[in-house]
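Residue-level listing of the chains:
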Amino acid sequence: MALQQNHHNHQSEQNHQQHQQHIKWQQHATKRRRCRQLWIKHLQLLGLAVIVILASAPAPSHAQQQKFRTTPHDLQVLEGAEAMMRCEVANVAGAVQWTKDGFALGFSAVIPGYPRYSVLGDRKQGIYNLRISNASINDDADYQCQVGPARLNSAIRANAKLTVISPPASIEIKGYNHNSKVEVRENQDLQLKCIVANAKPAAQIVWYRGNVEYKPEKREDNVEESTAKRFTTTSSLKLKPGPDDDYTEYTCQAKHKALSPDMPMRATVQLSVLYPPGPPYIEGYSPGETLRRGQTVELMCRSRGGNPPAQLIWYKNGSQIRMAYRTSGRLSENIYTFTAEAGDNKARFRCEASNVMSQNPLKAEVELAVLFAPTHVTVMGPTEARVGDIVPLTCTTAPSNPPAEIKWMVGGRQVRNATSKTIVSPEGGWTTTSNITATVEPNKRSLVVICHGLNMQLTENVVSTHTINVLYPPAPPLISGYMEGQIIPAGSVQKLLCVSSGGNPLATLTWYKNDKRINSVIRAADKSVSAEITILANVSDNQAQYRCEASNSATEIPLFQSTTLSVHFAPETVKIRIEPEELRPGMEAAIICDSSSSNPPAKLSWWKDGIPIEGINNTSKPGLWGGTVSTLEFRVNVTQEMNGQVYTCQSANQALQRSVHEAVSLDVLYRPKFVPPPSSTAVGVEGESLQVSLQTQANPTPVAYKWTKDGATIPQDGEHRIFADGGSLNFTRLHRDDAGIYSCSASNSQGKATLNITVVVEYGTTIKSVSENIIVNPGEDAMLSCSVEGKPLSDEHVKWERVGYDMTVKTSTTFANGTSYLHIKDAQRADVGNFRCVADNRVANPTNRDILLIVKFAPEIAKAPTLLRAASGTGERGRLPCRAQGSPKPQFIWRQDKKDLPINRTYKYEVEERKIDSLTYESTLIVDKVAPADYGAYECVARNDLGEAVETVRLEITSQPDPPLSLHILNVTHDTVTVSWRPGFDGGLKASYRVRYRMVDREQYKYIDGLPNSHKLTIGGLRMNTLYLFSVMSYNELGQSSYLPDLARAETKGLELMPAELTEDSSNTPNLVIIGISLAAFGFLLVNASLVAWFFVHQRRKKGYYYLLLFIFIMTIMWAVYTAF
């Protein structure tokens, strides 16, 4: 670091010198520039003097006076244009210049400070025109062309004014965009304010209404200077718009001399005046006009005017019927198209018009007249009658306009003089009703009546026919298809046919089963009718009566015939009952089988596992549907094992070869019984989870479990660390205190059972305590103790060890109550040290503790070089260390020249003592304000009861450090090596370290500084599979030590080999190809080097070529290096 600092200081000094030289060069250049400016000023003064002398010299008598040939005149230009102010002087003798508002612009053609100003002309011809480019408002001023005095010529002047005009920057109607629409209510005050901004001179404003100039009586105009020499003009109109102003455009136009008449500057708004619409009117129907039903009607409602356009709505008899309308400009239209119906007669159709400005809707309405004939006529009267009956008949027409007439036809003859009446229909029009009577004549099956309804005006006719049947009774019915007493097996199909002939109308046949009506298939012929039923025989058909009834309108009591069926059927169900209902072990139970009705009677039997069981008390009694009910039972003594056993009862109808079965599973109630677990002990590891699961057999199966330990109940909540879940006991994280006996109680309605489980928690060994440092006299026996806690724990789980010490020679161990004892016989100085107690039961990580055995011995002073030397500067405090081991604790005495030093009695000497470990102590002698006489040797005496030791410690003046004592290799990788060193004497100052290293086959070293306060360093960036040599030196403020010899060596490792698939291609690359590429790169490099040299010699002035070739040369080198590697 010191070398780096020196290099840095040297570089800083060079930079400082260069900076000073640069400052001197700048000062010299400034002096030269000032000298040149001074010479120019002197030359200018000399020129002016010559001009004055020439001007004052007497002119020839024949010279003419200077005068203006062309006098400047006032000029007006547009901003941004070019202004040319002309000034021509005849016989010019004096100097000519222009002034602006009295400020002289100078005699030069290029006017300083005015880049847009220039003087154009020719002095020989006396032309001095002032040109101003891109004229601006700032150029608006009074200008003067001045000709200075000369010999025999007086000064002359001519004035001209330049006026720069600027068109308006913008025009707007305040608050509105151009061509925007202004919405205003009728007769509402409206103010339009036109603003023409930033014009010079002020612009004028002209208003237009439509395309005609608008000159209102009241108009407010104002002109203000907005910025320097620019003016803003405003003009305000106050309007009270009416309907005529709707769609009217108001335009304000700026008049200004800078504006082209072809491109006026305008701002326009269009008024949208809100006002109510005009009244609606209806077209498409005229009052008194007559419509026919079915005719298409188109009613058009229109309303003109109004802003917004009117909303038109159609109403019929006060109810809204159409709201859709369309607009065109200020015209609204709603067309309602429909087909005229009877209900439209005298209907009132109303059209309402309104908009946001309407206080009340405007209305127009019409009432329609619609002619229509009746749509139908209705004849009412009886449809059946007997011969000789007088039948009343009524005919009524549907609504008609005008009223319809009714005509009758009975039995083919017209009825004359029939009366009728007409009433107004609420649906519109009139209805007509006519009543007559007719007598039923014999020898006819029916009487036909026809009613006609005629609208005479429309010549339309509707007809309705009514038929009256003449009634005759039928013949009695006959049943076929079954003979009484015939046996029908259940499940077979039986058909019964009932036939009845004659009668008008034909008879209606109805089948009944035991007075319950059933469906049948009816077939009718000309003079007879039949009804057939199909029966799927079942139990309910046994002894059932089937009856067929025949009737029509002529019979007061139905005619009938019946038959009774005989059906054989098997039992449908078997039911099993148990007495008593609840079974418990030790009681006797009766199991009874009841068979449903059967014809003929069924035979019962009991079965278990396919083996018949003999039953008792076989009884029978009458059953449903004319059958017989049978019963059979058996008895058992109930045991717990019978729970779930299945017994089957069979009921068989032997005549039909059919049977039914029913089974019962015995439900024997008993208290819970635990299934024996694999072990009564559950073992878990501390910190891990554990689950103890128990199972029980019980009936009823809902079993309540309760876990306890030492009488305390384990909670059922899963949020606890220990919780019960039915028959499972869960430990989410075992603790050693969880060990013990847990009781599980299982109970149901029949009782309970209890089982105990022992939980054993294994946990890793921990050393609870060890014996304190043991101190014995030489030759005595020593005993060390180590108390261990763990589960499991035995003597094999505790071991004693000590590195480099043979434990088999003098030591033995014993174990009792969790404590291991190490016995050392005949303890000597060589036995002093730490013995390690290692506890490991392989449940968790091993633990260990060190116990120091101290055998009393005489002091021994450490003789390390760094501890036998000290250094200090003159006037500083010197610190001399002395480190010794001994037991008991040694006492330190410091001497110089064989005399004890007066420690702590004067300011000169002090002693600091500290205990480093149980055997090592250090005494530090402090010498205050070190003088030359204090340098030299001091004696340190360490003494205890067993003896003493003496060593010399030297105090020297501070100096460069000694080399480190040794260097070691700590770690090696493929590109790094880590080294460490043991420091030597530091010379009394803080020492730093530098490591050097090189490849074994090279002489060049590389250097790297160590880290502060560290005696270890990792060196990176090394090559793989390469042997390196390492050395180290130290340095401080006063100098550096020599390097250690290059004895420390290390070889870096190689990377792991890649898989064969990845390395195969690279291994097959031909060496000739690599050599060829390298030679080509080298040749290319030589050619470029030659070109660069030639251009450098012959083309030095052409810097561009030089830099280009230099760039190519550098890139070639880089490519060659890349190819080589």
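None of these values were measured; they are calculated from a predicted model.

Glancing now at the overall build of the protein chain. A count of helical and extended segments in the protein chain gives 5 helices and 90 strands. Put simply, the protein chain has 1125 residues, and 40% of those count as buried. Relative to all contacts within the protein chain whose residues are 6 or more apart in sequence, the contacts with residues 24 or more apart total 64%.

Attention now goes to the state of the cysteines. According to the stated counting rule, one finds 8 disulfides in the structure shown. The partner cysteine of C301 in its disulfide is C351, sulfur to sulfur 1.8 Å. Here C301 and C351 share a disulfide; its torsion about the S-S bond, -80°, makes the bridge left-handed. Remark: C351 occurs in strand β27 (residues 348-354) and C301 occurs in strand β22 (residues 296-304); sequence separation between them is 50 residues. For the residue pair C301 and C351, the accessibility class agrees, reading buried in each case.

On to the pairing of strand β84 (residues 977-982). A large share of β84 lies buried, amounting to 5 of its 6 residues. Both strand β83 (residues 966-972) and β84 contribute to a ladder of 6 bridges, which runs antiparallel. Paired with I969 across the bridge in β84 is V979. From the end of β83 to the start of β84, which pair antiparallel, there are 4 residues.

Moving on, we come to the confidence of the model for the protein chain. Averaged over all residues, the pLDDT of the protein chain is 86; the fraction at 70 or higher stands at 88%. Across residues 1-19 the pLDDT falls below 50, and counting only partners more than four positions away or on other chains, this stretch makes 5 contacts in the model.

So, about the packing of aromatic side chains. Inspection of the entire model under this criterion finds 16 aromatic pairs. Ring centres of Y214 and Y250 lie 5.9 Å apart, and the angle between their planes is 80°; on these two criteria the pair is classed as edge-to-face. Of this pair, Y214 sits in the loop between β15 (212-213) and β16 (219-227) while Y250 sits in strand β18 (residues 249-255); the two residues are 36 residues apart in sequence, bridging distant segments of the chain. In this structure Y250 comes out as buried when scored by relative accessible area, which is 2%. Between W981 and Y993, the ring centres sit 5.5 Å apart and the planes meet at 45°, which makes this aromatic pair tilted. Taken together, the positions of W981 in strand β84 and Y993 in strand β85 (residues 992-999) put the pair 12 residues apart, joining distant regions of the chain. Put simply, the rings of F103, Y114 and Y117 touch in pairs and so form one group of aromatic residues. Above the face of the Y208 ring, R266 is positioned so that its terminal group lies 5.5 Å from the ring centre.

With that out of the way, let us pick up the environment of G586. The topology assignment puts G586 in the loop between β49 (574-579) and β50 (588-598). As a C-alpha pair, G586 and V638 span 52 residues in sequence and 5.5 Å in three-dimensional space.

Moving on, we get to the sheet that holds strand β59 (residues 690-693). Spatially, 3 strands are ordered β59-β64-β63 in an open sheet, and the strand pairing comes out antiparallel. Across the chains shown, the open sheet's two edge strands, defined by having one partner strand only, are β59 and β63 (722-725). On average, adjacent strands in this sheet sit at an angle of 15° to one another, irrespective of strand direction.

By secondary structure assignment, the location of T251 is in strand β18. By relative accessible area, T251 is classed as buried at 5%. Within the local environment of T251, its side chain forms a polar contact with the side chain of T268, the two groups lying 3.0 Å apart. In contact with T251, other than residues within four places in its own chain, are V206, W207, Y208, R266, A267 and T268.

Moving on, we come to the environment of K898. Mapping K898 onto the fold places it in the loop between β77 (891-896) and β78 (899-900). Judged by relative accessible area, which is 67%, K898 ranks as exposed. A C-alpha to C-alpha distance of 7.8 Å links K898 and E939, two positions 41 residues apart in sequence. A polar side-chain atom of K898 sits 3.2 Å from a polar atom in the side chain of E939.

Its place among the elements puts E951 in strand β82 (residues 947-957). Those residues within four positions of E951 in sequence are excluded, and the remaining contacts are I861, K863, L868, Y938, E939 and C940.

Okay, the environment of S154 next. Mapped onto the elements, S154 comes out in the loop between β9 (141-147) and β10 (156-165). Spatially, the C-alpha atom of S154 lies 9.4 Å from that of A93, the residues being 61 residues apart in sequence. Every residue in contact with S154, bar those within four places of it in the chain, is listed here: Q65, Q66 and P149.

Below, the discussion takes up the pairing of strand β42 (residues 508-513). Judged by how many residues are buried, β42 sits mostly within the fold: 5 of 6 residues are covered. In this structure, β42 lies alongside strand β46 (residues 545-551), joined through 6 bridges in antiparallel fashion. Across the sheet, the residue bridging to L509 is A550, located in β46. Sheet topology note: the β42/strand β43 (residues 516-518) ladder contains 3 bridges and is antiparallel. From the neighbouring strand, K513 faces β43, where its bridge partner is K516.

As a working rule, side chains carrying opposite charge can pair if their charged atoms are close by. Evaluated as defined, the whole model comprises 48 salt bridges. For E860, the salt bridge identified is with R829, shortest N-O distance 3.0 Å. Taken together, the positions of E860 in strand β74 (residues 857-861) and R829 in the loop between β71 (819-824) and β72 (833-839) put the pair 31 residues apart, joining distant regions of the chain. Judged by relative accessible area, which is 32%, R829 ranks as partly exposed. E910 is paired through a salt bridge with R877; the nearest N and O atoms lie 3.7 Å apart. With E910 in strand β79 (residues 909-915) and R877 in the loop between β75 (869-872) and β76 (878-887), this pair connects stretches of sequence that are 33 residues apart. The network of salt bridges with common partners includes E283, R302, R326 and E333.

Next up on the list: the sheet that holds strand β35 (residues 420-424). Taken together, the 4 strands give an open sheet; going across it, the order is β30-β32-β36-β35, and neighbouring strands pair in antiparallel fashion. Looking at the sheet topology across the chains shown, the edges are occupied by β30 (377-380) and β35. Recorded for the sheet is a direction-independent mean angle of 20° between the axes of neighbouring strands. Bridging between β35 and strand β36 (residues 430-439) involves 5 bridges; their strand directions are antiparallel. Bridge pairing links V424 to W430 in β36.

Our focus in this paragraph is unusual backbone geometry. Leaving glycine aside, a negative phi is the common case for residues, and trans is the common case for peptide bonds. With an omega of 0°, the peptide bond running from N401 to P402 counts as cis. If you trace the backbone, P402 turns up in the loop between β32 (390-397) and β33 (405-410). The omega torsion of the bond from N599 to P600 falls at -5°, within 30 degrees of zero and hence cis. For P600, the location among the structural elements is in the loop between β50 and β51 (603-608).

Conventions we followed
Residues numbered from 1 in each chain as written. Predicted model: local features only at pLDDT ≥ 70, side-chain atom pairs only at ≥ 80, totals over all residues. Heavy atoms only, no water. Helix = DSSP H or I, 4+ residues; strand = E, 2+ residues; numbered from the N terminus. Buried < 20%, exposed > 50% of the residue type's maximum accessible area, 1.4 Å probe, protein only. Contact = heavy atoms within 4.5 Å. Disulfide = S-S within 2.5 Å. Pairing = 2+ DSSP bridges. pLDDT = per-residue confidence, 0-100. Phe/Tyr/Trp six-rings, centres within 6.5 Å; stacked < 30°, edge-to-face > 60°. Lys NZ or Arg CZ within 6 Å of the ring centre and 35° of its normal. Axes fitted to C-alpha atoms, helices over the stretch in contact; angles between N-to-C directions. Polar contact = N/O pair within 3.5 Å; in protein donor to acceptor, adjacent residues only side chain to side chain. Salt bridge = Lys/Arg side-chain N within 4 Å of Asp/Glu carboxyl O.

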